[in-house]
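# Overview (structure and organization)
The chain contents come next:
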Amino acid sequence: MAEMKRRWGMAIDLDKCTGCGTCQIACSQSNNMPIFQDDSDIAKRVTFLDVMQVTNDNDENAQYPDVKVAYLPKMCQQCEGNDPENPSPPCVSVCPVVATDVGDDGVVSQIWSRCIGCRYCQASCPYEARVFNWWKPEYEGTFKESMNPDRSIASRGTVVKCTFCDHIWKKERDKAIANGVTDINAVTYTPACVSACPTGAMVFGDLNDPDSEVSRLSKSDRALRLLHPIDKLRETDPELYKKRIAMKNYPNPKVYYLTSQKWLKEMIGGYKHSS
Amino acid sequence: MKKLERKDFLKMVGGAVVGTGTGYVFSGAPFQSLQWLVEWTQDQYTPQQGEEKYIQSICNACPDKCSISVRKIGDRAVKVETSNQGCPMGQSLVHVLYHPGRIKTPLKQAGKKGSGKFEQVSWDDAVNTIAKKIDTLRKDGKAAAIVGINESHAGISGMLLDRLITAAGSPNIYEDPCFCSLSKAAVELTQNTEGSIYYDFDRADYILSFGARLLEGWGNAGAMHRSFAGWKDRGVRFVHVDTICTRTASAADQWVATKPGTEAALALGIANILIRKFGKRSSGAQFGRFSELAINQYTPAKVSELTGVKQEALEQLAKEFASARRPIAVTGKGGQGVSSSTMEMAAVQALNSLAGSLGSVVKVKTDKGLGSVKLDSYAKQGLSSASKARGLDEFIASDAKADLIIINGANPVFQSTYGKKLIEKMKEASTVVVIAPLLNDTAMYADYVLPSLSSLEMKTEAGGPVVTPRFKAIHAGDSLIRIARNIDGVKQSFPWKNYTALVSGTSSQVIKSISSFTFPAKMMSKELEEAQKSSAPTSDYPLAMLPYEITLVGDGRGLALPYVLKGLNNTVLTEETLWVLMNPSTADEYSVSEGEKVDLESSRGELDNVRVHLTKTIAPGVIAIPLGFGHTAYTEYATDKGVNPKEIMNNKIDPVSGTADWWLTRVKIS
């Protein structure tokens, strides 16, 4: 494995997220999401970023008005497996054609044109972050005019997913090289969703850089990873944690969700919180 | 005849198979079908390449005028960059620009109004016919039958339509009801000045919102979100009063759950405590009568019973409000679509007056305007012959005759609870002109549809348009200038050749600090009592129906954009059926189960076939229904998706603003 240079990660403050949907529109626009005549058809539509509504109203004890709703922008969680130095996300090892891999930037890539559509990766993804093109991606009428030339368009029968807008990353690197900058660590970028967020709830950066805001936020008490209950053991029982990770490869996502709300912490983390 | 041997038969069959197979292979057919298979599965569209440019511009989607940077590839605009400053509308600008439903040339109704059949006409034809019609009406002394309806925040074109209608001699110029138009009525009544309420959210240290869903498209969404982020950073406490657990209620520091339609009573209950316990006074006129009303009629005990808010919570709210240095009480229930009675607005403004926030963080906003209009004798006669209704809904509901209607960007057939009545008026009128970029519910009943520009095709304060206007569309303001300059007696009020002369300066807002306040105590007492009675459950209609808005859809404007449809989840719209929300306890009472299809009935009519989603985020006895669905015509993406609740919503007209107060409707499940 090549030496990791960057470890791009994201932190999303759910207490600041208002569910306005700006990130979803920006993502769709930047990544050439297909446009079908009826995109309210959930089975057919393709999106990389879902603004999911979550609520605690399913709790047996929940009673109006002691309920809450929150919004959770969910995209590919960019897992790295147990060892960040040697990333092994659940989807990568199952791909028979190396259409998905981890680069030296930590981003789980996906090459549409290499994908043979076996959907193993989709089955192995713990976060349902991958979408299969059951239909040929259409771009109705004159909407074609607004398409981004940096993003290739998937064929029917392939799996697609969020790649942290790696087309922007690549462009920034190309620009730097054209300007004579060869040090990759001097180049930064921002994915479309993060640069659109009107409340600044989404933060993007290098998790390898201890001074970056995203590193700082990822270590905060408010930070959690989506349905990753093993994180609890790390604090409460480090011995057991070591045992567990020796036995099993955990997803270890690089997307962190921040919240101070107990119910939301439990819902996202997938485990009961004492505090 | 010789008997056919089995062996020979097999040989013949074998030969035929081999022959056909060989022929098939050599014909090239298999390779052709393989080719088809490959094309069918692998066919990819490749976007055109071109030189990359970033053009600085200003988003015209709302009066907030956020700076944007538009990425262009060759001649194509491909992405709007808002640098954490914009809103979903800004991100959608390219899709509005390249929408396949854009109107390409001026259209003329070719069938009966509402048939959806249009034929193309030239700009000269359309402009001359409309101008001639206005001219004739003026000369016949029927100038007052000319009517203008602006969309909310129409900007330059709105001011020009206003000017055209006035110069032609008609008082009948209206605006799609919105927070600005509603609060204008309240400001005129309570502060005796022209303008709408302006909140300085960035300077406030405490926000108490009475049903104003600030994070759901309320006001100018981009600015509102920036302010919200600022409150989090500065530790400003944000309290939201609502019956439904909406996004705003959950994002707020505290959600105060009230019974439906009791926001005004809650405001008066807080006023009661502010006056009695915290010695808050106002120098405003009729403060004495107001304090009498608040102290005698809205005691904490009574308010607690009315609103369902516990007395301690009420005291706590009053204490927080009283101890804040620059608190704001926000009125205007709703998100993108707002509905509050004038008395409710006045009751909330009374709190601002008591706290001393009027003139400091709660101000009055007006537009600079275009200057005075030169009226000729026809115009003077027309203006003196008729009076103006107080608001759009009051006008539609009245018997006032409309012979020529110009609708600029608005979609009142869909938005107004009097949409059906407006259709009748439009059918009776001899000429109806709709100016819009996309055909909508209202345009179906137009005689002429004039294509207008999307935001990226307009010249802004930042410079020329990002993209040259597509098709034959022109700026709405230019359509109006062209019409006006063709009418004798009107043209002298229109010295401008086109809208670009008006881009800088004229639309900028003027913000006035006015602290004077008149408490409309008598009217408030009467109106609020009536409202309480009319909103109480009846045996015929026991449930309260309240609106809520879906992310990105808002009050319906966003639904024509396919990326907006991508965001709808499976408890909003499935298979073109709309879902409503209900508390499980209410569902038990009426034997409704999750996902069941029901009909909702109010005294005005019935909404067929909505599905029910059970959730404890809704108060018992309440049905929450999303706004913005059920367009009869609004491009192929929005048409016939769900139902439009405005059809059965409350249409009682507010006596001050002349606008239907549709917030709370009593319904039953039928």
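Residues numbered from 1 in each chain as written. Chains lettered and ligands numbered in written order. Predicted model: local features only at pLDDT ≥ 70, side-chain atom pairs only at ≥ 80, totals over all residues.

## Quick look at the overall build of chain A
- Counting its regular elements, chain A contains nine helices and ten strands.
- Relative to the globule expectation of 19 Å for 275 residues, the C-alpha radius of gyration of chain A, 19 Å, shows essentially globular dimensions.
- Overall size of chain A, expressed as C-alpha extent along the three principal axes, is 50 × 45 × 35 Å.
- For chain A, with 275 residues in total, the buried portion stands at 48%.
- Long-range pairs, those at least 24 residues apart, make up 68% of the contacts in chain A between residues at least 6 apart in sequence. (Helix = DSSP H or I, 4+ residues; strand = E, 2+ residues; numbered from the N terminus. Rg over C-alpha atoms; globule rule 2.2 N^0.38 Å. Buried ≥ 20, exposed ≤ 12 C-beta atoms within 10 Å, placed from the backbone. Contact = placed C-beta atoms within 7 Å.)

## A short note on the overall build of chain B
- A count of helices and strands for chain B gives 23 helices and 24 strands.
- C-alpha atoms of chain B, sized along the principal axes, occupy 120 × 65 × 50 Å.
- When burial is assessed residue by residue, chain B has 58% of its 670 residues classed as buried.
- Summarising the internal contacts of chain B: among those between residues at least 6 apart in sequence, 72% fall at separations of at least 24.

## Here we look at the pairing of strand E14 (residues 404–408) of chain B
Residue and element names in this part refer to chain B.
- Most of E14 is tucked away, with five of its five residues classed as buried.
- Of the two faces of E14, the one holding Leu404, Ile406 and Asn408 and the one holding Ile405 and Ile407 are both buried throughout.
- One ladder, built from five bridges, connects E14 with strand E15 (residues 431–436); its direction is parallel. If you follow Ile406 over to E15, its bridge partner there is Val433. (Pairing = 2+ DSSP bridges.)

## With respect to the interface of chain B and chain A
- Listed per partner, the contact involves 59 residues of chain B and 55 residues of chain A.
- Looking at the side of chain B that touches chain A, the elements that each hand over two or more residues are helix H2 (29–42), strand E3 (76–81), helix H3 (88–91), helix H4 (93–97), helix H8 (221–234), helix H9 (247–251), strand E11 (254–257) and helix H21 (562–565) of chain B.
- The leading source of residues in the side of chain B that touches chain A is H8(B), at six residues.

## Digging into helix H1 (residues 22–30) of chain A
All names here are of chain A.
- Counted residue by residue, H1 has nine buried out of nine residues, so it is predominantly covered.
- Within the sequence span of H1, burial applies to Thr22, Cys23, Gln24, Ile25, Ala26, Cys27, Ser28, Gln29 and Ser30.
- Looking one or two residues past H1, Asn32 carries a phi angle of roughly 50°, positive in sign.

## Here we look at the confidence of the model for chain A
- The pLDDT averaged across chain A works out to 91; a share of 97% of its residues lies at or above 70.
- Across chain A, element-level confidence peaks in strand E10 (residues 255–258) of chain A with a mean pLDDT of 97 and bottoms out in helix H7 (residues 230–236) of chain A with 87. (pLDDT = per-residue confidence, 0-100.)

## Description of the environment of Trp579(B)
All names here are of chain B.
- Note on placement: Trp579 falls in strand E20 (residues 577–582).
- Residues Trp579 and Ala400, spaced 179 residues apart in sequence, show a C-alpha to C-alpha distance of 38 Å.
- In contact with Trp579, other than residues within four places in its own chain, are Thr571, Val572, Leu573, Val610, Arg611 and His613.

## Brief notes about the environment of Ser282(B)
Residues and elements named next belong to chain B.
- Secondary-structure assignment places Ser282 in the loop between helix H10 (263–276) and helix H11 (287–297).
- Sequence separation of Ser282 and Ala350 is 68 residues, and the distance between their C-alpha atoms is 8.7 Å.
- In this structure Ser282 touches Phe287, Ser353, Leu354 and Phe517, once residues within four positions along its chain are discounted.

## Observations regarding the sheet that holds strand E17 (residues 509–512) of chain B
Residue and element names in this part refer to chain B.
- Spatially, three strands are ordered E8-E13-E17 in an open sheet, and the strand pairing comes out antiparallel. Looking at strand neighbours, the two that pair on one side only are strand E8 (196–199) and E17, the edges of this open sheet. Across the sheet, the mean angle separating the axes of adjacent strands is 45° when strand polarity is ignored.
- Bridging between strand E13 (residues 362–367) and E17 involves four bridges; their strand directions are antiparallel. Of the residues in E17, the one forming a bridge with Lys365 is Ile511. (Axes fitted to C-alpha atoms, helices over the stretch in contact; angles between N-to-C directions.)

## Structural notes on the pairing of strand E16 (residues 448–451) of chain B
Residue and element names in this part refer to chain B.
- Residues Tyr448 and Leu450 point to one face of E16 and Val449 and Pro451 to the other, with burial holding for every one of them.
- In this structure, strand E4 (residues 107–109) lies alongside E16, joined through two bridges in antiparallel fashion. Across the sheet, the residue bridging to Lys108 is Tyr448, located in E16.
- In this structure, E15 lies alongside E16, joined through four bridges in parallel fashion. Within the sheet, the bridge partner assigned to Val433 lies in E16 and is Tyr448.

## A word on helix H7 (residues 179–191) of chain B
Residues and elements named next belong to chain B.
- The end-to-end C-alpha distance of H7, which contains 13 residues, comes to 17 Å, matching closely the 18 Å that a straight helix rising 1.5 Å per residue would cover.
- Burial analysis of H7 places eleven of its 13 residues in the buried class, which makes it a mostly covered element.
- Along H7, the positions that sit buried rather than exposed are Phe179, Cys180, Ser181, Leu182, Ser183, Lys184, Ala185, Ala186, Val187, Thr190 and Gln191.
- Those residues of H7 that are buried are in contact with strand E7 (173–175), E8, helix H14 (342–354) and E13. (Expected span 1.5 Å × (residues − 1).)

## Considering the nonpolar core
Residues and elements named next belong to chain B.
- The biggest cluster of nonpolar side chains holds 290 residues, and the ones touching the most others in it are Ala267, Ile270, Ile405, Val433 and Val449.
- In terms of residues, this core owes the most to one element, H10, which gives ten residues.
- Among all residues touching Ile405, those that are not within four sequence positions of it are Val147, Ile149, Met426, Ala429, Val432 and Val433. (Core = buried A, V, L, I, M, F, W, Y, C linked by C-beta atoms within 7 Å.)

## A closer look at the sheet that holds strand E9 (residues 206–210) of chain B
Residue and element names in this part refer to chain B.
- The four strands are arranged E11-E10-E9-E12 in an open sheet whose pairing can be described as parallel. Only two strands of the sheet have a single neighbouring strand rather than two, namely E11 and strand E12 (327–330). In this sheet, neighbouring strand axes are inclined to one another by 15° on average, regardless of whether the strands run parallel or antiparallel.
- With four bridges joining them, strand E10 (residues 237–242) and E11 adopt parallel strand pairing. Its bridge partner lying in E11, His240 is registered against Trp255.
- Sheet contacts for helix H13 (residues 311–323): E9, E10, E11 and E12; angle to E9, the most-contacted strand, approximately 135°.

## What about the confidence of the model for chain B?
- Within chain B, residue pLDDT values average 93, and 99% of them lie at 70 or more.
- The ipTM for the predicted assembly is 0.92, set against a pTM of 0.92.

## Here's the deal with the environment of Val434(B)
Residue and element names in this part refer to chain B.
- Relative to the elements of secondary structure, Val434 occurs in strand E15.
- Exposure remark for Val434: the 28 C-beta atoms within 10 Å place this residue in the buried category.
- Expressed as a C-alpha distance, the spacing of Val434 and Ile407, which sit 27 residues apart in the sequence, is 4.8 Å.
- Every residue in contact with Val434, bar those within four places of it in the chain, is listed here: Ile407, Thr442, Ala443, Ala446 and Val449.

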